[in-house]
Amino acid sequence: MSSSTSSSDTHAAWRRFFRLAAGSAAVCVAVIYGFIVVVDPWGMLPLSLPFDRITVTSNQRFAYPMLALSPQFDSAIFGTSTSRLLRPDALNPAFGARFANLAMNDATTFEVSSLFRVFLRAHSEPNVVAIGLDARWCVTGDTYEKLTPRPFPAWMYERSRWRGYAEMFNLYAMQEAGKEFGVLTGLKKPDMGRDGYTRFVPPESQYDPMRVAEHMKEWHVVVPGGARSGPPDTWRFPALELLHDDLSSLPPATRKVLFFPPYNHRLLPQPDTEGEVVLNECKRRVADLARPLAHAVVVDFLLPSPITNVDDNYWDGLHYRTFIGDRMALDLTAAVRGETSADYEILFLRNTDSAGP
């Protein structure tokens, strides 16, 4: 056999090997991609199959758009982790509603508004919308934080979600598809609620007052950031401009429940300090936003009260215990009826079908 023939055979063998390897890799890629888009762990692809999906992703920015679009809900709670412990089951009977809790850990005002708009596109006449207003809504100046280090899947929040097919081939999507597949097939036990509510704090049996008291020493007064000069009524609150636009898009019949969540007393500013002035002006602006609206209430839990003054009501400076969440649900329904309580202050209330001065 000549050396040229031997070399030709070797080259042909290598070509067959590479074609086989490339073909096998292409098949593997196609199978993996097909698995991801068929399972569609977030239920957000335009051609998503009608599986009985539940949320499996701990980053609610991925998990909650699916719930926001779901027709099984007619009402929703928006906010950060300080609103996540409001149980829909505690609110539904009082409001005659079907709530989804769409509050997201460490959510920015931009992220809250983005999810709100997804919900409103699917629910043109929602029953109740409740929005927890954390200190981020009270930032002054010309800008506010839009995103956090947590990934934000912008394509899920767009009107057209076809771009999602280009966003699904990655290790994170494959991981979450595997988790969703496990739940769908019964191989994995669900660890998140179907209505968005998940108890993310430890079980009550693990509550240790001494440990919490020690941990509380690490928390300090919250003062909203941002540039400001001149008298408070000249300050700009840019996030509240976003809130104004969102509230204006709701129909009159929708019940609008705005509330400032109860931070522990260690985070509340002292009287006559800059922090108190900023928060008070922010609260006044929110009440003013509600005045042109029908069926609106603004409830302030962010003040000294039987909730905020008791350290044993909290796991840390921001996150209260589960029974406080249920207490707040009762408080909110009482506030809507115009009932007063030491737990909160009603900053504005209108129960009529039309707005007035």
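See the structure shown above.
Keep in mind that what you see is a predicted model, and the values were worked out from it rather than measured.

## Looking at unusual backbone geometry
- Look at D272: it is not a glycine, yet its phi comes out positive at around 65 degrees.
- Along the chain, the position of D272 falls in the loop between strand 4 (255-260) and helix 9 (274-290).
- For D272, a relative accessible area of 74% gives the class exposed.
- Positive phi, normally seen in glycine, also occurs at H295, with a value near 50 degrees.
- Locating H295 in the fold gives a position in the loop between helix 9 and strand 5 (296-300).

## Topic: the packing of aromatic side chains
- With the rule as written, the count across this model stands at 13 aromatic pairs.
- Residues F62 and Y172 carry aromatic rings whose centres are separated by 5.1 Å and whose planes lie at 70 degrees to one another, so their mutual orientation is edge-to-face. In this pair, F62 sits in helix 2 (residues 60-69) while Y172 sits in helix 6 (residues 171-184), placing the two residues 110 residues apart along the sequence.
- Judged by relative accessible area, Y172 falls into the partly exposed class, the value being 29%.
- By way of ring pairs, the aromatic residues W42, F62 and Y172 are connected into one cluster.
- One residue, R228, lies across the ring of W235, its end atom 5.8 Å from the ring centre.

## Notes on the pairing of strand 1 (residues 75-78)
- The side-chain alternation of strand 1 yields two buried faces, one formed by S75 and I77 and the other by A76 and F78.
- Of the strand pairs in this sheet, strand 1 and strand 2 (residues 99-101) are connected by 3 bridges, and their pairing is parallel. Pairing of I77 across the sheet is with N101, part of strand 2.
- Taken together, strand 1, helix 3 (residues 88-95) and strand 2 constitute a β-α-β crossover, and its handedness is right-handed.
- Taken together, the 3 bridges between strand 1 and strand 3 (residues 128-132) define a ladder with parallel strand orientation. Looking at strand 3, one finds that A76 is bridged to V129.

## Structural notes on the state of the cysteines
- Summed over all chains, the structure comprises 1 disulfide.
- At a sulfur-sulfur separation of 2.1 Å, the disulfide partner of C138 is C282. Because the sign of the S-S torsion sets the handedness, a value of about -75 degrees for the bond joining C138 and C282 places this disulfide among the left-handed ones. Remark: C282 occurs in helix 9 and C138 occurs in the loop between strand 3 and helix 5 (164-167); sequence separation between them is 144 residues. For the pair formed by C138 and C282, the shared burial category is buried.

## Notes on the environment of P251
- Within the secondary structure, P251 sits in the loop between helix 8 (238-248) and strand 4.
- Residue contacts for P251: discarding those within four places in its chain leaves S124, E125, P126 and K256.

## Considerations on the packing of helix 8 against helix 9
- Here helix 8 crosses helix 9 at 20 degrees, and the two axes come no closer than 10 Å. Between helix 8 and helix 9, the interaxial angle falls into the category roughly parallel. Note that helix 8 runs across helix 9; the crossing there is right-handed. Across from L240, L243, H244 and L247 in helix 8, the residues of helix 9 making contact are C282, R285, V286 and L289.
- Across the contact of helix 8 with helix 9, the residue classes tally to 6 nonpolar, 1 polar and 1 charged.

What counts, and where the lines are drawn
- Residues numbered from 1 in each chain as written.
- Predicted model: local features only at pLDDT ≥ 70, side-chain atom pairs only at ≥ 80, totals over all residues.
- Heavy atoms only, no water.
- Helix = DSSP H or I, 4+ residues; strand = E, 2+ residues; numbered from the N terminus.
- Buried < 20%, exposed > 50% of the residue type's maximum accessible area, 1.4 Å probe, protein only.
- Phe/Tyr/Trp six-rings, centres within 6.5 Å; stacked < 30°, edge-to-face > 60°.
- Lys NZ or Arg CZ within 6 Å of the ring centre and 35° of its normal.
- Pairing = 2+ DSSP bridges.
- Right-handed = clockwise from strand over helix to strand, strands pointing away.
- Disulfide = S-S within 2.5 Å.
- Contact = heavy atoms within 4.5 Å.
- Axes fitted to C-alpha atoms, helices over the stretch in contact; angles between N-to-C directions.
- Parallel < 35°, antiparallel > 145°, perpendicular 65-115°, else oblique.
- Left-handed = near helix turned anticlockwise from the far one by under 90°.
- Nonpolar A, V, L, I, M, F, W, Y, C, P; charged D, E, K, R; others polar.

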